[in-house]
Amino acid sequence: MMASFLVIGYVFKVADTEGMWVAGRGIGNIENGMAIGANWMSAASYLGLAGLVALSGFYGLAFIVGWTTGYFVLLIFLAAQMRRFGKYTAPDFVADRFNSPMARALAAFTTLLIAYVYSVGQARGMGLVGQYVFGLDIIPMIVVMMTITVGYLALSGMLGATKNMAVQYVILIVAFLAGVYAVGFSQGYSTILPQIEYGALFSELSRQFSEPFQASSYYLWVATAFSLIFGTCGLPHVLVRFYTVQNERTARWSTVSGLFFIMLLYWAAPAMAAFGVDLFAVVNNISPDAVYNGEQAMSGAEGDVIVVLAAQFANLPTWFVGLVAAGGMAAAIATTAGLFITASSAVAHDIYSELINPDATQRQQVLIGRATIVVVGALVTVTAFNPPALIGELVAYAFSLAGTVLFPMFFLGLWWENTNRQGALAGMTTGLLLWIGSVVNSVLPAYVGFLADIAGGPGQAIVPIYAQYVPPIGAALVGTPLVFLVTIAVSLVTPEPPLETKKMVRQCHSPEPMGQQQTAEEIVSNSGGETPADD
Amino acid sequence: MTDNDTHDRVETDGGTASPAQAHQQTDYLNEEVNLLKPSTAFMRDHLRVVWTSFVIWALIVFGPVTLTAVAPGPMTQTMPLLGFPLHYFLVAFGAPTGALILAAVYARKRDALDEKYGIDHTTPEAGGDAGGDAGDATATDGGVEQ
């Protein structure tokens, strides 16, 4: 098992140094779609998704729906427009669109929070898989894995993840699908289409696997799906992928092919969950219902690695189980590396050198960036020891934050030219307070003594009604419309943005093709003198 | 949605000339971007596609789960052949697949729109080299020639 780990690591290394795929000279939509898929596949997709479907049944499907169908909204409203705007990180976009360093700082702070929460899920995934493969306890395992990731990033300062995202995608999807097909075939569950054939298994599984609204109410289901959908549209690491494509047409089609490549995993994940749940009952010699209730019920930690467990229960060779596990580990490490780079640039560039110390030297920025990686890494490690939820749910917290704070800024910024600085600042502040309030209300009482005292118990929320309608995982269902309203209302009562800004927005929607290296801003400033101001 | 009284300049153009000509005569930098009241012929056509597909998307994504909440009985019945409970299949397989198909349909429709308005995406590489090319074109089209 260890050996297959090393082999996977070596393949990644080779893929990394391969020079023939170099980005920048116009990537086609298939390759870019694979890159979108690789960016997307964190431990939450690879491990967490099947875990959620296995443990939470029908509620787990809200995650499948949320993490796929959101791409359609991204495609019709944002992909090509973002490509034309020419800014691909949330702080850059917000700062340029709303002409405000303060807005940049708020977006950077949001990005930092997203990276932190998102990484906790990844660290948990690394720990669980590592514990499983190497046989260490979970806490030392998380520490070891995070130290390696953080140490590598902080020392090299370079992107730890492979530069060649298309190759990374292929490795991950092959590892995952090989697991599904091998388990399905060897156990007689399926032959060529496990994605559909697992339907035959439902009569043998506990009703809890498919019974609607057992693990959640209808409201929580919709709130979760809504948050994930609009979080997808607000998450900058998807948008960055439009930077390397030739033109907006390729941006559109790469969103389509990206969605297809993601769905190769998402179609198969519930099948793996069904196989895993069935095998869990067989191997432990318990009834299907006992998987969910009683002493031998599946634990959260077991659910989170059900993808790996299923391969082992099926008595597949050790090296093969290692391959499946290595895929999960690779997804977690690559995602963590990417998130930490984002966090360090948000702090060093967007907050420190833009707001605190405008004269910061390159050296100071690099130092601050590395310090950020170390501090966030330590925080993530400690939080992952005893996380408040399953991997998939932890990552979903980050999505609901992105959907509440960033999506309205992107959407209104690109589709309503009168959105102004005051509106954006008010909207983002509202969204941040709403989400932070929700986490403090529902999650923190389990950790912080005096909050638990107020709430009347560690498992309680401080304000139950707020926890019911604005749960951290589904905060965007209330939050996104609220932020829209606040932003629009404040924009209406304050002065309109300058014509220059409005023209930038118009340029994003003009059907006129643009060059690959051009941004809307450049085109507007080039043409500024000749056009009569009719507003 | 249909009354465009404040922006009838483009509207009358579009009536007599072909869409491609209307596109040539539109200065996109001087036309308001408004999601609910599109001001150019292109934007009107585009938004019709966007809103139609968005409504279908909303039905595919939130329809089955809502029906399951309203009528759990019929929705949880076992499907013949496949063996899935109906609601499970519609959500786990139907919604994501539906979104993928819709996405491809949208991208095709948008390509068709480009063709209708005579927009060619194969040339921007050349335009990109010359830097301001595209920008100059948009600027002069509206103001100088008329």
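For the structure itself, look to the data block above.
Chains are numbered independently. Their residues run from 1 in the order of the written sequence. Working convention: letters from A go to chains and numbers from 1 go to ligands, in the order in which they are written. Residue-level local features of this predicted model are given only where pLDDT is at least 70; pairs of side-chain atoms are given and counted only at 80 or more, and the full residue set underlies all totals for whole chains, interfaces and linings. Side-chain numbers here rest on the full set of heavy atoms in the structure, without hydrogens or water.

Which residues make up the overall build of chain A, and what values do they have?
Helix and strand labels come from DSSP, where a helix needs a run of H or I of at least four residues and a strand needs a run of E of at least two; each type is numbered from the N terminus. Counting its secondary structure elements, chain A contains 23 helices and zero strands. What the globule rule says is 2.2 Å times the number of residues to the power 0.38, and the radius of gyration is computed from C-alpha atoms. Taking 24 Å as the expected radius of gyration for a compact globule of 535 residues, we find that chain A reaches 23 Å, a close match to that expectation. Its C-alpha atoms put chain A at 80 × 60 × 45 Å along the principal axes. In what follows, a contact means two residues having at least one pair of non-hydrogen atoms within 4.5 Å. Sequence-distant contacts in chain A: of pairs separated by 6 or more residues, those separated by 24 or more amount to 81%. Reported accessibility uses the Shrake-Rupley method at a 1.4 Å probe radius. Residues are deemed covered only where the shown protein chains occlude them. Split by element, the accessible area of chain A, about 18,400 Å² in all, is 64% carbon and sulfur. With 19 positive and 29 negative side-chain charges, chain A shows a spacing of 10 Å between the two charge centroids. In summary, the charge assignment counts Lys and Arg as positive and Asp and Glu as negative, without counting His or the chain termini. Where a charge lies is defined by one atom per residue type: Lys uses NZ, Arg uses CZ, Asp uses CG and Glu uses CD.

Pulling in residues and values, what's your account of the side chain of Thr336(A)?
Residues and elements named next belong to chain A. Positionally, threonine 336 belongs in helix H15 (residues 318-356). Note on threonine 336: relative accessible area 0%, which makes it buried. Here the side chain of threonine 336 touches alanine 332 through a polar contact of 2.6 Å, landing on its backbone oxygen. Only protein chains enter the accessibility calculation, which uses a 1.4 Å probe; a residue whose area is less than 20% of its type maximum is buried, one above 50% is exposed, and one in between is partly exposed. Any N or O atom pair separated by 3.5 Å or less is treated as a polar contact, with the protein-specific requirement of one donor-capable and one acceptor-capable atom, and with residues adjacent in sequence counted only for side-chain atom pairs.

Tell me about the nonpolar core, and name the residues and values.
By size, the foremost hydrophobic cluster in this structure holds 206 residues, and its most contacted members are Phe63(A), Trp67(A), Phe209(A), Trp221(A) and Tyr88(B). Element by element, the count of residues in this core is highest for helix H12 (residues 248-283) of chain A, at 20 residues. Residue contacts for Trp67(A): discarding those within four places in its chain leaves Trp40(A), Ala44(A), Leu49(A), Leu228(A), Thr232(A), Tyr266(A), Gly392(A), Val395(A), Ala396(A) and Phe399(A). Among buried residues, those of type Ala, Val, Leu, Ile, Met, Phe, Trp, Tyr and Cys that are joined through side-chain atoms within 4.5 Å constitute a nonpolar core.

Outline unusual backbone geometry, listing residues and values.
Residue and element names in this part refer to chain A. Although it is not a glycine, asparagine 99 adopts a positive phi angle of roughly 45°. Structurally, asparagine 99 can be placed in the loop between helix H5 (90-98) and helix H6 (101-134). Phi at asparagine 315 takes a positive value of approximately 60°, unusual for a residue other than glycine. With respect to the helices and strands, asparagine 315 occurs in the loop between helix H14 (306-313) and H15. The class for asparagine 315 is exposed, based on a relative accessible area of 70%.

A description of helix H16 (residues 362-385) of chain A should follow, citing residues and the corresponding values.
Working rule for helices: expected span equals 1.5 Å times residues minus one. In a regular helix each residue adds 1.5 Å, so 24 residues correspond to 34 Å; H16(A) covers 35 Å between its end C-alpha atoms and thus fits that length. Looking at H16(A), one finds that the buried residues are Gln365(A), Gly369(A), Thr372(A), Ile373(A), Val376(A), Gly377(A), Val380(A), Thr381(A) and Ala384(A).

So what about the packing of helix H3 (residues 43-56) of chain A against H12(A)? Which residues, and what values?
Residues and elements named next belong to chain A. Where H3 meets H12, the axes come as close as 8 Å, and the angle between the chain directions of the two elements is 55°. In this view, H3 runs oblique relative to H12, as classed from their interaxial angle. For the element pair H3 and H12, the recorded crossing hand is right-handed. Across the interface between the two elements, Ser45, Tyr46, Leu49, Ala50, Val53 and Ala54 from H3 touch Leu265, Tyr266, Ala269, Pro270, Ala273 and Val277 from H12. For helices, the fitted axis covers only the stretch in contact; all axes are lines through C-alpha atoms, and the angles between them, taken along N-to-C directions, range from 0 to 180 degrees. When describing relative orientation, an angle under 35 degrees is termed roughly parallel and one over 145 degrees roughly antiparallel, while 65 to 115 degrees is termed roughly perpendicular and anything else oblique. By convention, the crossing between two helices is left-handed when the near helix turns anticlockwise from the far helix through less than a right angle, and right-handed when the turn is clockwise.

Residues and numbers for the interface of chain B and chain A, please.
Quoted interface sizes are often the accessible area lost when the parts come together. Every contact between the two is made by 62 residues of chain B and, on the other side, 67 residues of chain A. Buried surface at the junction of chain B and chain A, summed over both partners, amounts to about 5,800 Å²; 73% is from carbon and sulfur atoms. Area buried by chain B at its contact with chain A is led by Leu29(B), Val33(B) and Tyr88(B), which between them contribute 13% of it. One speaks of a salt bridge when a side-chain nitrogen belonging to Lys or Arg is within 4 Å of a carboxyl oxygen belonging to Asp or Glu. In this assembly, chain B and chain A are joined by three salt bridges. Its salt-bridge partner being Asp111(B), residue Arg252(A) comes within 3.8 Å of it at the nearest N-O pair. Counting across the interface, chain B meets chain A through eight residue pairs in polar contact (both at pLDDT 80 or more). Here the buried area means the combined drop in accessible surface, using a 1.4 Å probe, for two parts upon being joined, counting both sides.

Mind laying out the pattern of salt bridges, listing which residues take part and the relevant values?
In this structure the tally under the stated criterion is 14 salt bridges over all chains. Salt-bridge contacts for Arg252(A) lead to Asp114(B); the nearest nitrogen and oxygen are separated by 3.4 Å. In this pair, Arg252(A) is assigned in helix H12 and Asp114(B) in helix H5 (residues 86-116), connecting two distinct chains. Given a relative accessible area of 0%, Arg252(A) falls into the buried group. Asp114(B) gets classed as buried once you look at its relative accessible area, which sits at 3%.

Run through the packing of aromatic side chains, naming residues and quoting values.
Aromatic rings in a pair are described by how distant their centres are and how their planes are angled relative to each other. Under the pairing criterion, centres of Phe, Tyr and Trp rings, with the six-membered ring standing for Trp, must be within 6.5 Å; the plane angle then separates stacked pairs below 30 degrees from edge-to-face pairs above 60, leaving the rest tilted. If you walk through the whole model with that rule in mind, you get 43 aromatic pairs over all chains. Here the aromatic rings of Tyr219(A) and Tyr469(A) are separated by 5.3 Å at their centres, their planes lie at 75°, and the arrangement is edge-to-face. One end of the pair, Tyr219(A), is in helix H10 (residues 218-234); the other, Tyr469(A), is in helix H20 (residues 464-469), and 250 residues separate them in sequence. With relative accessibility at 25%, the residue Tyr219(A) sits in the partly exposed group. Residue class for Tyr469(A) comes out partly exposed when judged on its relative accessible area of 38%. Taken together, the ring pairs in this structure connect Phe72(A), Phe77(A), Phe226(A), Phe230(A), Phe407(A), Phe411(A), Trp415(A), Phe484(A), Trp51(B), Phe54(B), Trp57(B) and Phe62(B) into an aromatic cluster.

Which residues make up the environment of Leu425(A), and what are the values?
Residues and elements named next belong to chain A. You can see leucine 425 is positioned in helix H18 (residues 421-442). In this structure, the C-alpha to C-alpha distance between leucine 425 and valine 490, residues 65 residues apart in sequence, is 9.3 Å. Apart from residues no more than four positions distant in its own chain, leucine 425 is found in contact with Ser100, Met102, Ala103 and Leu106.

Before we move on, can you summarise the packing of helix H4 (residues 61-85) of chain A against helix H17 (residues 391-415) of chain A with the specific residues and values?
The angle between the axes and the distance between the axes are what describe a pair of packed helices. Residues and elements named next belong to chain A. Look at H4 against H17: their axes get within 12 Å of each other, and the N-to-C directions meet at 30°. Our classification of the angle between H4 and H17 gives roughly parallel. H4 and H17 meet at a crossing whose hand is left-handed. Between H4 and H17, the contacting residues are Phe63, Trp67, Ile76, Phe77, Leu78, Gln81, Met82 and Phe85 on the first element and Gly392, Glu393, Val395, Ala396, Phe399, Phe407, Phe410, Phe411, Leu414 and Trp415 on the second. Three classes are used: nonpolar for Ala, Val, Leu, Ile, Met, Phe, Trp, Tyr, Cys and Pro, charged for Asp, Glu, Lys and Arg, and polar for all others, with Gly counted as polar. The class makeup of the residues in the contact of H4 with H17 is 15 nonpolar, two polar and one charged.

Everything listed here is a matter of coordinates, which is why it stays silent on function.
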